[in-house]
Amino acid sequence: MSEKPRKRSTFDTMNEHLEEFDELADELMESAFPEGPSWNTETCCLQALSNVFITSREVIVTADLPNIEPETVKVEAVDETLIEITAKMKKKVRFADLGICHRQGEFSSLRCQDRVHVAVDAEKMKISFKGGVLEVRFPRKKRYEIEVE
Amino acid sequence: MSESVKIVEKKHVPSEATMIVGLPDVGLVGLIATSYLISELNLEEIAYLDSDLLPPVVVLHKGLPHAHKGLPHAPLRIYGNQNLIAVISELAVPAPAIYPIMREIVEWGQAKKVKRIVSMGGIPVESRQAIKEPQVFGAASNQELLDMLSKSGLNIMNEGYMVGPQALSMRYSINKNVPAIAILAQSFYNYPDPQAAAIALKELSKISDVKVDVSKLLEKGEEIRLKARDIMKRTQEEMTRMKKSQEYDLPLYV
């Protein structure tokens, strides 16, 4: 017996809008308070430096990933415009290794998230890794060409 | 002398020395190169820079040469021995403060009769990861120095804009008639670039008596890149404020 599709309630729509609002609020907080640390002891991640270049045909995301195992690099499109890059480090780094004794924690991976602001086709991404710098090229999803008369 | 910036001397400052300036900038090339120089040559902290234009910051270090363990230091410090003075900042210098700071450094250098001021830095190149061995370019405040750089085999930067600490070092040195050189290695714009720093140091050794083995710097490259992420991020914010991207522009002189 086939299940009858449930009708979307007003609450579903409201929840959807609330989720979008939460995401937007997170993004605004990140841009308003960029002073947060470049590490996270809960996720054991260090924040990687990254860049986004947008051209007319593609989006190029680069990330500086020192001390990582190249085969562990993971590039994920969280949604159409949010790219997440993670990679495991060759060896764990503790605050003590950096000469810091007033904090505790160790880090096993590098991570960055970049908003690319244009839709990309993540399935067609091309990845290269040279000299510790990752480069990911995504074709842009939609291009409109207007013919000149 | 600038009133808003003061250089406080802690020890005897040599005269007739070469002054190396390595402030945070493109790829942190100057800062990495000069810090390495300080540590390799075991230079002593001889002065520091004090200014209300800088954020209220002190830095605690246990590993500084000749320093007591864990004592606070000014982030903008001057090191030296009998022949060499080295200026570094562990703080991204706020864009508006760069003018009085560079003016004070050049005027102080003039008062100490420095032989010349050498600014170490980077030239941002978009395809840096495709370059195996970055090239180094030089600029100088007078023709005699430019000829010397050229004879030493350094590429000369003939056309283009310089923006930031090196630009002001050059501008104020010309005003004060202090010989000045800039050594600029191709580098990442906003990723710390120890390899570019090592190559800049190799070129420095060709034009001066300052000679260091850069193999340790290259070995520690990954560790430096991890540790330098925060200062690179803050430096990038200041580079944006000082319109550093103008270095990509083509100058117009018809």
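Throughout what follows, the structure given in this document is the object of discussion. Since this is a predicted model, take the numbers as computed values, not measurements.

## Re the pairing of strand β9 (residues 136-140) of chain B
Residues and elements named next belong to chain B.
Argument step 1. A large share of β9 lies buried, amounting to five of its five residues.
Argument step 2. Side-chain alternation along β9 places Val 136, Gly 138 and Ala 140 on one buried face and Phe 137 and Ala 139 on a second face that is also buried.
Argument step 3. Here β9 pairs with strand β10 (residues 155-156) via two bridges, running parallel. Paired with Phe 137 across the strands is Asn 155, a residue of β10.
Argument step 4. A crossover links β9 with its parallel partner β10, the connecting element being helix α3 (residues 143-151), and its sense is right-handed.

## Re the sheet that holds strand β9 (residues 133-139) of chain A
All names here are of chain A.
Argument step 1. Strand order in the open sheet formed by four strands is β3-β4-β9-β8, with antiparallel pairing between adjacent strands. In this open sheet, the two strands that pair with only one neighbour each are β3 (49-54) and β8 (126-130). Neighbour-to-neighbour, the strand axes of this sheet turn through a mean angle of 15°, independent of strand direction.
Argument step 2. Sheet topology note: the β3/strand β4 (residues 58-64) ladder contains six bridges and is antiparallel.

## Here we look at the sheet that holds strand β6 (residues 82-94) of chain A
All names here are of chain A.
Argument step 1. With mixed pairing, five strands are arranged side by side in an open sheet as β1-β2-β7-β6-β5. Edge positions in the sheet fall to β1 (39-40) and β5 (74-79), since each has one partner strand and no second.
Argument step 2. The pairing of β6 with strand β7 (residues 106-115) spans nine bridges and is antiparallel. Bridge pairing links Ile 85 to Cys 112 in β7.

## What to know about the packing of helix α2 (residues 98-111) of chain B against helix α4 (residues 165-176) of chain B
All names here are of chain B.
Argument step 1. Between α2 and α4, the least distance of the axes is 9 Å, while the angle of their chain directions is 45°. Classified by the angle their axes make, α2 and α4 are oblique. Handedness of the α2/α4 crossing: right-handed. Where α2 approaches α4, its residues Ile 98, Tyr 99, Met 102, Arg 103, Val 106, Glu 107 and Gln 110 are matched on the opposing element by Pro 165, Leu 168, Ser 169, Tyr 172, Ser 173 and Lys 176.
Argument step 2. Classifying every residue of the contact of α2 with α4 gives seven nonpolar, three polar and three charged.

Rules used throughout
- Residues numbered from 1 in each chain as written.
- Chains lettered and ligands numbered in written order.
- Predicted model: local features only at pLDDT ≥ 70, side-chain atom pairs only at ≥ 80, totals over all residues.
- Buried ≥ 20, exposed ≤ 12 C-beta atoms within 10 Å, placed from the backbone.
- Helix = DSSP H or I, 4+ residues; strand = E, 2+ residues; numbered from the N terminus.
- Pairing = 2+ DSSP bridges.
- Right-handed = clockwise from strand over helix to strand, strands pointing away.
- Axes fitted to C-alpha atoms, helices over the stretch in contact; angles between N-to-C directions.
- Parallel < 35°, antiparallel > 145°, perpendicular 65-115°, else oblique.
- Left-handed = near helix turned anticlockwise from the far one by under 90°.
- Contact = placed C-beta atoms within 7 Å.
- Nonpolar A, V, L, I, M, F, W, Y, C, P; charged D, E, K, R; others polar.

Don't take any of this as a statement about function, it's just geometry.
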